[in-house]
Amino acid sequence: TSRGLVPVRTAQPATWALVSVVCGSVLLMLVTMQPQYLFPLVWITPLFIMLGLQCLLTGTHSFRGLASGNWQTVILSALAALFCGFFWELWNYRSFAHWEYDIPYVQAFHLFKMPVLGYAGYFPFGLSCLAVAGLLPGGREVIEKHVLSGTTAHT
C-alpha cells in the first residue's frame, strides 16, 4: 500500500503555489527558446502551473494526501497514465495515420513506435490529468469520494 510512505509537507503553501506558477510559466517559455535541450519540461511545467493555480484558487491541491504520507492518488494517477499510454502506443503502431517520434537523445530501444524512455512522459501526464480534474467544478469532490475511497464513479 502507498499509505504510510514519506510525508511531503510544505511551509507557506501559498508562497510555494505562487513560486510554482511563476517558475512553471518561465520554464515553459524557456522551452520555446531551447527546445532541443529543454523539451522534457513540456511534460512537467504544466503540472507545476496547474497545481499552483489549484492551491491559489482553492487553498488546497490534488496532492494534499502527500502531507500525511498517502501517495495512493499520485501513484495510481501516474500508473494509470502509463497503462493507458501503453495501449495508445500499441494502437498507434499499426495505424495508417500514426505518430512518428523524434525525441532527441533517446531514439533507441523502441516499444512500438515510442522510444522506451519516452514512456516516462506518461507519469507527469497522469499527474497533470489529476491536477486538471481538481480544477474542474466538482472535481475535488469526485477525487475524494471515488478515487481515494476506491469506489467507481456513477454519473
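Higher on the page you've got the structure.
In this convention, every chain numbers its residues from 1, walking through the sequence in written order. This being a predicted model, a pLDDT of at least 70 is required before a residue's local features are given, and a value of 80 or more before pairs of side-chain atoms are given or counted; all residues contribute to the totals for chains, interfaces and linings. Only heavy atoms go into the side-chain values, all of them from the structure, while hydrogens and water stay out.

1. A closer look at the overall build of the protein
In this description a helix means any DSSP run of H or I spanning at least four residues, a strand means any run of E spanning at least two, and both kinds are numbered starting from the N terminus. Helix and strand counts for the protein come out as 6 helices and 2 strands. For the protein, the N- to C-terminal ordering of α and β elements is α-α-α-α-β-β-α-α. Categorising residues by exposure relies on relative accessible area from a 1.4 Å probe, with only protein chains included: less than 20% of the type maximum marks a residue as buried, more than 50% marks it as exposed, and the intermediate range marks it as partly exposed. For the protein, the proportion of its 155 residues judged to be buried stands at 32%. Two residues qualify as a contact provided that any one of their heavy atoms is within 4.5 Å of a heavy atom in the partner residue. Within the protein, contacts between residues separated by at least 24 positions form 63% of all contacts whose residues are at least 6 apart in sequence. In these tables, accessible area is a Shrake-Rupley quantity obtained with a 1.4 Å probe, and a residue counts as shielded only by the protein chains included in the view. Accessible surface computed for the protein: about 10000 Å², of which carbon and sulfur atoms make up 72%.

2. Remarks on the side chain of Ser128
Mapped onto the fold, Ser128 is located in helix 5 (residues 122-135). Apart from residues no more than four positions distant in its own chain, Ser128 is found in contact with Trp43, Leu47 and Met50.

3. Looking at helix 3 (residues 41-58)
Residue pairs spaced three or four apart in an α-helix point in one direction, given the helix's 3.6 residues per turn. One less than the number of residues in a helix, times 1.5 Å, gives the span that helix is expected to have. Taking 1.5 Å per residue as the helical rise, helix 3 with its 18 residues ought to reach 26 Å, and the 25 Å between its terminal C-alpha atoms agrees with that figure. Residues Leu41, Thr45, Leu47, Ile49, Met50, Leu51, Gly52, Gln54 and Cys55 constitute the buried set of helix 3. Where helix 3 is buried, its residues meet helix 1 (13-33), helix 2 (35-38) and helix 5. Of the residues trailing helix 3, Gly59 is marked for its positive phi of about 85°.

4. Brief notes about the nonpolar core
Counting residues in each nonpolar core, the largest one holds 10 residues, listed as Leu47, Met50, Leu51, Phe63, Leu66, Val74, Ala78, Leu127, Leu130 and Ala131. Looking at this core, the elements that each hand over two or more residues are helix 3, helix 4 (72-93) and helix 5. If we ignore the near neighbours within four places in the chain, the residues touching Leu51 are His61, Ser62, Phe63 and Ala131. Put simply, a nonpolar core is a bunch of buried Ala, Val, Leu, Ile, Met, Phe, Trp, Tyr and Cys residues held in one set by side-chain atoms that sit within 4.5 Å of each other. With 7 residues, the next largest nonpolar core counts Phe39, Ala81, Ile103 and Tyr122 among its residues.

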